[in-house]
Protein chains: 2
Amino acid sequence: MPVPKGSTIDPERTRAAILEAATAVLYERGLDGVGVAELCALIGVSKETLYRHFGTKDGLVEAVLLARSERVSRWLADSAAAAGDNPRDQLAAVFDALREWYEDPVFRGCAMVNASAQHHVEAVRAITARHLDRYLDLLTGIAERAGAADPPLLGRQLLMLVEGATVVAAHHGTAGTGEQARQAALALLSAAAPASGDD
Amino acid sequence: MPVPKGSTIDPERTRAAILEAATAVLYERGLDGVGVAELCALIGVSKETLYRHFGTKDGLVEAVLLARSERVSRWLADSAAAAGDNPRDQLAAVFDALREWYEDPVFRGCAMVNASAQHHVEAVRAITARHLDRYLDLLTGIAERAGAADPPLLGRQLLMLVEGATVVAAHHGTAGTGEQARQAALALLSAAAPASGDD
DNA sequence: CCGAGATGGTACCGATCGGTTCGATCTTTG
DNA sequence: CAAAGATCGAACCGATCGGTACCATCTCGG
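Residues numbered from 1 in each chain as written. Chains lettered and ligands numbered in written order. Predicted model: local features only at pLDDT ≥ 70, side-chain atom pairs only at ≥ 80, totals over all residues. Heavy atoms only, no water.

Undergrad: Where do I start with the environment of B:Ser73 in this structure?
TA: Residues and elements named next belong to chain B. Tracing the backbone shows Ser73 in helix α4 (residues 57-81). Given the relative accessible area of 12%, Ser73 is considered buried. In this structure, the C-alpha to C-alpha distance between Ser73 and Trp101, residues 28 residues apart in sequence, is 13 Å. Apart from the residues within four sequence positions on either side, Ser73 is in contact with His131, Arg134 and Tyr135. Polar side-chain contacts of Ser73 include one of 2.8 Å to the backbone oxygen of Ser69. (Helix = DSSP H or I, 4+ residues; strand = E, 2+ residues; numbered from the N terminus. Buried < 20%, exposed > 50% of the residue type's maximum accessible area, 1.4 Å probe, protein only. Contact = heavy atoms within 4.5 Å. Polar contact = N/O pair within 3.5 Å; in protein donor to acceptor, adjacent residues only side chain to side chain.)

Undergrad: How should I be thinking about the pattern of salt bridges in this particular structure?
TA: Pairing of side chains with opposite charge becomes possible as their charged atoms draw close. Residues and elements named next belong to chain B. Counting across every chain of the model gives 14 salt bridges over all chains. Across the pair Glu38 and Arg29 runs a salt bridge whose closest N-O atoms are separated by 3.1 Å. A relative accessible area of 37% means that Glu38 is categorised as partly exposed. The exposure class assigned to Arg29 is partly exposed, which follows from its relative accessible area of 29%. (Salt bridge = Lys/Arg side-chain N within 4 Å of Asp/Glu carboxyl O.)

Undergrad: What's the story with the packing of helix α5 (residues 87-102) of chain B against helix α7 (residues 122-145) of chain B in this structure? I'm lost.
TA: Relative orientation and spacing of two packed helices are given, respectively, by the angle between their axes and the distance between those axes. Residue and element names in this part refer to chain B. It is at 8 Å that the axes of α5 and α7 come closest, and there the two elements cross at 155°. When the interaxial angle is binned, α5 and α7 end up roughly antiparallel. The crossing of α5 and α7 is left-handed. Touching Pro87, Gln90, Leu91 and Val94 of α5 are Leu138, Leu139, Ile142 and Arg145, all from α7. Of the residues that constitute the contact of α5 with α7, the class distribution is six nonpolar, one polar and one charged. (Axes fitted to C-alpha atoms, helices over the stretch in contact; angles between N-to-C directions. Parallel < 35°, antiparallel > 145°, perpendicular 65-115°, else oblique. Left-handed = near helix turned anticlockwise from the far one by under 90°. Nonpolar A, V, L, I, M, F, W, Y, C, P; charged D, E, K, R; others polar.)

Undergrad: Which parts of the structure should I look at to understand the protein's contact with DNA strand D?
TA: The local shell around DNA strand D holds 22 residues, among which A:Thr14, A:Glu48, A:Arg52, B:Lys47 and B:Glu48 are the closest. When atoms of DNA strand D within 4 Å of the protein are split into backbone and base, the sugar-phosphate part holds 62%. In the model, a phosphate oxygen of DNA strand D is placed 3.3 Å from a nitrogen or oxygen of the A:Gly44 main chain. Between DNA strand D and the protein, one listed contact pairs a phosphate oxygen with a side-chain N or O atom of A:Arg52 at 2.6 Å. At the level of elements, α1 (11-29) and α3 (47-54) of chain A together with α3 (47-54) of chain B are the ones that each hand at least two residues to the surface near DNA strand D. Here the surface near DNA strand D takes four residues from α3(A), the largest share from any one element. Each residue belonging to the surface near DNA strand D can be placed in one class, and the counts come to six nonpolar, ten polar and six charged. (Near = heavy atom within 4 Å.)

Undergrad: Quick question: what am I supposed to make of the interface of chain B and chain A here?
TA: Interfaces are often described in size by the accessible area the parts lose on coming together. Each partner contributes to the interface: chain B provides 43 residues, whereas chain A provides 43 residues. Buried area between chain B and chain A, both sides added, is near 3,500 Å², and the carbon and sulfur share of it is 63%. The interface formed by chain B and chain A contains zero salt bridges. At the surface where chain B touches chain A, the tally comes to 16 residue pairs in polar contact (both at pLDDT 80 or more). Every element with two or more residues in the side of chain B that touches chain A is listed here: α1 (11-29), α6 (111-118), α7, α8 (151-171) and α9 (177-192) of chain B. (Buried area = accessible area lost by both parts, 1.4 Å probe.)

Undergrad: What exactly am I supposed to notice about the environment of A:Ala92 here?
TA: Residues and elements named next belong to chain A. Inspection of the secondary structure assignment puts Ala92 in helix α5 (residues 87-103). Of the residues examined, Ala92 reaches a relative accessible area of 9% and is grouped as buried. Taking C-alpha positions, Ala92 is 8.4 Å from Gln183, a pair spaced 91 residues apart along the chain. Non-local contacts of Ala92, meaning those with residues more than four positions away in its chain, are made with Arg182 and Leu186.

Undergrad: Could you clarify how one ought to interpret the protein's contact with DNA strand C in this entry?
TA: Around DNA strand C sit 22 residues in total, of which A:Lys47, A:Glu48, A:Lys57, B:Thr14 and B:Arg52 are the nearest. Here B:Glu48 contributes a side-chain N or O atom positioned 2.8 Å from a base oxygen of DNA strand C. Between DNA strand C and B:Thr49 there is a distance of 3.0 Å, counted from a phosphate oxygen to a side-chain nitrogen or oxygen. Those elements that provide at least two residues to the surface near DNA strand C are α3 of chain A together with α1 and α3 of chain B. Per-element accounting of the surface near DNA strand C gives the leading share, four residues, to α3(B).

Structure representation (structure tokens):
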């Protein structure tokens, strides 16, 4: 029962609790895989409350995706930052974080990409595009600091590797995917920035 | 009106025509984005006929995905084979084919991956896994013939690149994606098979 | 030219969908 | 204690869902 009822009536807290619980359910079951009634039952909230806070199922979906995009992006950026100043180490740290994610039993791929894959609502597609933009910024920054010959190019190639590893881990098997992707990323970095990462 | 009615009553041909028309509609609109009634109207066939041939909407979906997987896999393999005996040329040809696909205005990502992204039916997930298996076989074969140090590793890394490029092209913009992925693939090949492709 | 079978069109079924409404219950505020 | 507001639970709405049934029509093999 993720939403503690009554103890303290605080709309902000209720909204946050709905958001968190709905994020997990919608990720596991898919956006169209669970109706509003069942969703409310699962997260322990009435339909009226949910609709008062989010107006529409699409509104809830957008809020869920925005929050998740924020959380995931920050998590990856923090992982890179925690690896120190060496861009090569930062890149390795990003893929270590991804590997950890892939091994989580609830892992089911990138929620934003999954959402855009069949939900053709424009707002959802925009959220996904912005999410990928954030990934790209992070990776391009690493490429720049590593002294890559063409940082935007390497950034985009690394983005493909990140998303490809996520797809493969979700739909073809987790085994080794994170480590294999990490090696490929470092190989691409070495090829694009021959004298990188060791100063 | 993709299904020419009546002219020749031939169940096999009707089934094939439904399959082809449904493939296009379900790819464009998404598996859950169009109901059976509307689907039948769009492809010009009655519900009874559709259900007689495929039994169930899920049955139709599985048949559509199987046929599409077959077609796409063969197209990529043929593209590689047409590039001659040099494995490096074959790899480049695969990504040239992908680039052509990405630029098609109806391109919306990998249909199998899209289907598995939110449709948690086991049969669909199995079809997607087998589809990725075929990609992997093609790419691992190229890696082997190129003399890669670890062909299964390189094959899986190239698979990530293929799927990642497809995701990025679908959700982050087509511009340059195919060419960037091609360069990354060749860089990975060069790094893994130093003396490859030039004999 | 007639019977068998494939098809189209339509009405229909129960279930579920997203969304609204209402009254009872609870907490907080004054 | 009283008023305000948040929440629950359930009933309810029209629309749509996947799937079935029925019958007229059409094509083809004998």
